[in-house]
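Descriptive analysis of the structure
Each chain, written out:
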Amino acid sequence: MRRTFAFAAATLLAAGAVAAATEPWTAAGSPPSVPVERQSTVWHEDPNAAWREAFAADKPMFLVVSSRKCPACDTLKAGVLASPEFRGWVESRFVPAVILAEDHPHVVAKLGVRGYPTTVVVAPKLGVVHSALGVFNASDFQQKLALAEASAGTTAR
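Below, the structure is looked at part by part. (Residues numbered from 1 in each chain as written. Predicted model: local features only at pLDDT ≥ 70, side-chain atom pairs only at ≥ 80, totals over all residues. Heavy atoms only, no water.)

Enumeration over the complete set of coordinates arrives at one disulfide. Note on cysteine connectivity: cysteine 70 is disulfide-linked to cysteine 73, with sulfurs 2.4 Å apart. For the disulfide bridge between cysteine 70 and cysteine 73, the dihedral angle about the S-S bond is near 80°, and by the sign convention the bridge is right-handed. Residue classification places cysteine 73 among the buried residues on the basis of a relative accessible area of 1%. (Disulfide = S-S within 2.5 Å. Buried < 20%, exposed > 50% of the residue type's maximum accessible area, 1.4 Å probe, protein only.)

Quick look at the pairing of strand S1 (residues 61–66) now. Of all six residues in S1, six are buried, a share of seventy percent or more. Alternating residues of S1 divide into Met61, Leu63 and Val65 and Phe62, Val64 and Ser66, and every residue in both groups is buried. Judged from the six bridges that link them, S1 and strand S2 (residues 95–100) form a sheet pairing that is parallel. Across the sheet, residue serine 66 finds its bridge partner in S2, namely leucine 100. With five bridges joining them, S1 and strand S3 (residues 118–123) adopt antiparallel strand pairing. By the bridge assignment, valine 64 is partnered in S3 with threonine 119. (Helix = DSSP H or I, 4+ residues; strand = E, 2+ residues; numbered from the N terminus. Pairing = 2+ DSSP bridges.)

Tallied over the full model, the rule gives nine aromatic pairs. Both rings, one in phenylalanine 62 and one in phenylalanine 94, keep their centres 6.2 Å apart while their planes meet at 50°; by these two values the pair is tilted. Here phenylalanine 94 lies in the loop between helix H4 (84–93) and S2 and phenylalanine 62 lies in strand S1, a separation of 32 residues in the sequence. Each member of the pair, phenylalanine 62 as well as phenylalanine 94, carries the same accessibility label: buried. Considering the side-chain rings of phenylalanine 136 and phenylalanine 141, the 5.4 Å spacing of their centres and the 65° angle between planes classify their relative orientation as edge-to-face. Since its relative accessible area comes to 18%, phenylalanine 136 is described here as buried. Aromatic rings pair up to connect Trp43, Phe62, Phe86, Trp89, Phe94, Phe136 and Phe141 into one cluster. (Phe/Tyr/Trp six-rings, centres within 6.5 Å; stacked < 30°, edge-to-face > 60°.)

Okay, the nonpolar core next. A general tendency of soluble globular proteins is for nonpolar side chains to be buried together. Ranked by size, the top nonpolar core spans 20 residues in total, and within it Phe62, Leu81, Phe86, Val90, Phe94, Phe141 and Leu145 carry the most contacts. Where this core is concerned, the elements lending two or more residues are S1, H4, S3, strand S4 (127–133) and helix H6 (138–152). If you tally residues by element for this core, the top one is H6, at four residues. With sequence-adjacent residues up to four places away left out, leucine 145 is seen in contact with Phe62, Phe86, Trp89, Val90, Phe94 and Val121. By size, the runner-up hydrophobic cluster in this structure holds 17 residues, among which are Ala50, Ala54, Ile99 and Ala101. (Core = buried A, V, L, I, M, F, W, Y, C linked by side-chain atoms within 4.5 Å. Contact = heavy atoms within 4.5 Å.)

With that settled, the discussion passes to the pattern of salt bridges. Scanning all chains against the criterion turns up four salt bridges. Arginine 68 serves as the salt-bridge partner of glutamate 102, at 3.9 Å between the closest nitrogen and oxygen. Placement of the pair is glutamate 102 in the loop between S2 and helix H5 (105–111) and arginine 68 in the loop between S1 and helix H3 (71–78), with a sequence separation of 34 residues. Assessed through its relative accessible area of 48%, arginine 68 is described here as partly exposed. Taking the shortest distance from any N to any O, the salt bridge between arginine 93 and glutamate 149 comes out at 3.7 Å. Here arginine 93, found in helix H4, pairs with glutamate 149, found in helix H6; they are 56 residues apart in sequence, far enough to count as distant. (Salt bridge = Lys/Arg side-chain N within 4 Å of Asp/Glu carboxyl O.)

Have a look at this one:
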């Protein structure tokens with residue numbers, strides 16, 4: 001499984017997608033936009049805005065890819081992602097985003113998402129450092145994300 005993540009990160013890096021301040025899902029050479037300040041309780045719905053903020057803050061991006069017709073996605077959103085404690089924990093360490101696959105098929109294709117919900121952690125200088133399919137409880141999520149955070153080479157700020 002680690003080999004798959006390394007391949008995905010290498011693919012993104014080879015494409016020059018994550019090494020620059022531009023969004024990994026837009027054409028290379030696009031000018032970076034000024035990061036937008038966000039309130040701590042607002043999660044991005046635009047992966048490019050989340051990426052810009054992650055790059056500017058040098059924090060990994062926590063990205064949940066869901067689908068409109070996905071009962072497991074609804075369970076994840078209503079459960080652990082709705083928990084104030086979990087949200088606060090994620091927001092203190094990552095730039096969070098939840099997107100719909102139908103609205104961002106280019107992101108789904110670029111990351112090789114094969115099912116929903118898929119959680120991906122993308123580090124600004126490394127690319128994809130974690131990817132998981134399914135619904136997890138807060139404790140399992142925190143363990144997985146702590147490992148991803150360590151792989152990204154960042155610590156809580």
